Amino acid sequence: LGANVGTTMTGIMSALVSDNIQSLQVALAHLFFNITGIAIFYPIPFMRQLPLNAARRLGRATRVWRGFPLVYIAIMFVAIPLF
């Protein structure tokens, strides 16, 4: 929770010293996106476990086969967006 909101503060601080209004809009959109994610996942106890369990499964798959992260990234960030 803190890491998500904390990373947005860096963007907001840099946007505040910029003369460009779009940079502040992007930083605030990033903040509200992260706050919305917290509002969805944190209040419901079983929802808190979804990202943790997914991370554990990905870690186990990586332990079994070291090439798994490369295939995962290729599928998630290249193959799926093409469809």
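This text follows the structure it describes.
Quick caveat, the model's predicted, so the values are computed rather than measured. (Residues numbered from 1 in each chain as written. Predicted model: local features only at pLDDT ≥ 70, side-chain atom pairs only at ≥ 80, totals over all residues. Heavy atoms only, no water.)

(A) Structural view of the overall build of the chain. Scanning the chain for helices and strands turns up 4 helices and 0 strands. Helices and strands in the chain line up, N terminus first, as α-α-α-α. Scaling as 2.2 N^0.38, a compact globule of 83 residues should have a C-alpha radius of gyration of about 12 Å, whereas the chain reaches 17 Å, well beyond that. Seen along its three principal axes, the alpha-carbon backbone of the chain occupies a region of about 50 × 35 × 25 Å. Taken across its 83 residues, the chain has 11% of its residues classed as buried. In the chain, the proportion of contacts linking residues at least 24 apart, taken out of those at least 6 apart, comes to 21%. Working note: accessible area of the chain is about 6700 Å², and carbon and sulfur atoms make up 73% of it. (Helix = DSSP H or I, 4+ residues; strand = E, 2+ residues; numbered from the N terminus. Rg over C-alpha atoms; globule rule 2.2 N^0.38 Å. Buried < 20%, exposed > 50% of the residue type's maximum accessible area, 1.4 Å probe, protein only. Contact = heavy atoms within 4.5 Å. Areas by Shrake-Rupley, 256 points an atom, 1.4 Å probe, with all protein chains shown as cover.)

(B) Region of interest: the environment of Ala 29. Note on placement: Ala 29 falls in helix H2 (residues 21-41). Each C-alpha atom of the pair Ala 29 and Thr 8 lies 9.4 Å from the other, and the pair is 21 residues apart in sequence.

(C) Main features of the packing of helix H1 (residues 2-16) against H2. Taken N-terminus to C-terminus, the directions of H1 and H2 make an angle of 165°; their axes are 8 Å apart at the nearest point. Judged on the interaxial angle alone, H2 and H1 are roughly antiparallel. Considering only the axes of H1 and H2, their crossing is left-handed. Where H1 abuts H2, its residues Asn 4, Val 5, Thr 7, Thr 8, Met 9, Gly 11, Ile 12, Ala 15 and Leu 16 lie against Ser 23, Leu 24, Ala 27, Leu 28, His 30, Leu 31, Asn 34 and Ile 38. Among the residues making up the contact of H1 with H2, the classes are represented as 10 nonpolar, 7 polar and no charged. (Axes fitted to C-alpha atoms, helices over the stretch in contact; angles between N-to-C directions. Parallel < 35°, antiparallel > 145°, perpendicular 65-115°, else oblique. Left-handed = near helix turned anticlockwise from the far one by under 90°. Nonpolar A, V, L, I, M, F, W, Y, C, P; charged D, E, K, R; others polar.)

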